[in-house]
Amino acid sequence: MSNLFRSRGAVTALGGPHARCYPEDAQKYFDYVLGFTNRSVIGDVLADCAPHRPVGVRIAASRQPEELPGTEERWKFIEPTLRKAPVIKIVPMIGSLGCPYTCSFASIRPFRTSR
């Protein structure tokens, strides 16, 4: 999908476990490959918002966020999504921040950190 969108001029980004576990591979297909993110990282990506080809940029916060917004804070995003759902209504929950991948064997090459 990224290749299709990039061929049409879109700037693409990948985050999550695939970006953290396979960053070198992801850089071949995405303009931005995101490790841990925070507002600063997202702000940097949005401010730059440029194609990085043939190899994407790896960027990450120095660590995972210590806390995430709850359902009440995210309701302005959740409620419109629920209204669009035809039959099954599911409220997305964030159950875990997952493994922070800070041990030496889990990250082969560190991401460039943002502020």
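Residues numbered from 1 in each chain as written. Predicted model: local features only at pLDDT ≥ 70, side-chain atom pairs only at ≥ 80, totals over all residues. Heavy atoms only, no water.

For the rest of this paragraph, the subject is the nonpolar core. In this structure, Tyr 32, Leu 34, Phe 36, Val 41, Val 45, Val 57, Ile 59 and Ala 61 together form the largest nonpolar core, which totals eight residues. Counting only elements with at least two residues in this core, the list comes to strand 2 (32-34), helix 4 (39-48) and strand 3 (57-60). For Val 45, the residues in contact, after removing those within four places along its chain, are Tyr 32, Leu 34 and Ile 59. (Core = buried A, V, L, I, M, F, W, Y, C linked by side-chain atoms within 4.5 Å. Buried < 20%, exposed > 50% of the residue type's maximum accessible area, 1.4 Å probe, protein only. Helix = DSSP H or I, 4+ residues; strand = E, 2+ residues; numbered from the N terminus. Contact = heavy atoms within 4.5 Å.)

Once that is clear, we can look at the pairing of strand 3. Residue alternation in strand 3 divides its side chains into two sets, Val 57 and Ile 59 and Arg 58 and Ala 60, and both sets are buried. In this structure, strand 2 lies alongside strand 3, joined through three bridges in parallel fashion. Note that in strand 3 the partner of Leu 34 across the bridge is Ile 59. You can see the chain leave strand 2, run along helix 4 and come back into strand 3, and the turn it takes is left-handed. (Pairing = 2+ DSSP bridges. Right-handed = clockwise from strand over helix to strand, strands pointing away.)

Over its 14 residues, helix 5 (residues 71-84) runs 18 Å from end to end, which matches the ideal 20 Å to within 8%, given 1.5 Å per residue. Among all positions of helix 5, only Arg 74, Ile 78 and Leu 82 are buried. (Expected span 1.5 Å × (residues − 1).)

So, about the pattern of salt bridges. Enumeration according to the criterion identifies five salt bridges in this entry. We note a salt bridge from Arg 58 to Glu 24, for which the minimum N-O separation is 3.4 Å. Remark: Glu 24 occurs in helix 3 (residues 23-27) and Arg 58 occurs in strand 3; sequence separation between them is 34 residues. Judged by its relative accessible area of 11%, Arg 58 is buried. Assessed through its relative accessible area of 28%, Glu 24 is described here as partly exposed. Salt bridges sharing partners connect three or more residues here, namely Arg 6, Asp 31 and Arg 53. (Salt bridge = Lys/Arg side-chain N within 4 Å of Asp/Glu carboxyl O.)

This brings us to helix 4. Residues of helix 4 that are buried: Ser 40, Val 41 and Val 45. Viewed along the axis of helix 4, the buried residues span an arc of 135°, placing them on a single side of the element. In helix 4, the exposed positions angled more than 90 degrees off the buried face are occupied by Arg 39, Leu 46 and Ala 47. Buried-residue contacts for helix 4 involve strand 2 and strand 3. The N-capping residue of helix 4, defined by a side-chain oxygen 3.0 Å from the backbone nitrogen of Ser 40, is Asn 38. Cys 49 sits one or two positions beyond helix 4 and adopts a positive phi of about 35°. (Arc of directions from axis to C-beta. Polar contact = N/O pair within 3.5 Å; in protein donor to acceptor, adjacent residues only side chain to side chain.)

Of note, Thr 71 is situated in helix 5. Separated by 20 residues in sequence, Thr 71 and Val 91 place their C-alpha atoms 8.5 Å apart.

Turning to unusual backbone geometry, a few remarks are in order. In this structure, the amide linkage connecting Arg 53 to the following residue, Pro 54, adopts the cis form with an omega of 10°. Structurally, Pro 54 can be placed in the loop between helix 4 and strand 3. Despite not being glycine, Cys 49 has its phi angle at roughly 35°, a positive value. Mapped onto the elements, Cys 49 comes out in the loop between helix 4 and strand 3. What makes Cys 49 partly exposed here is its relative accessible area of 46%.

Just geometry here; none of it tells us what the structure is for.
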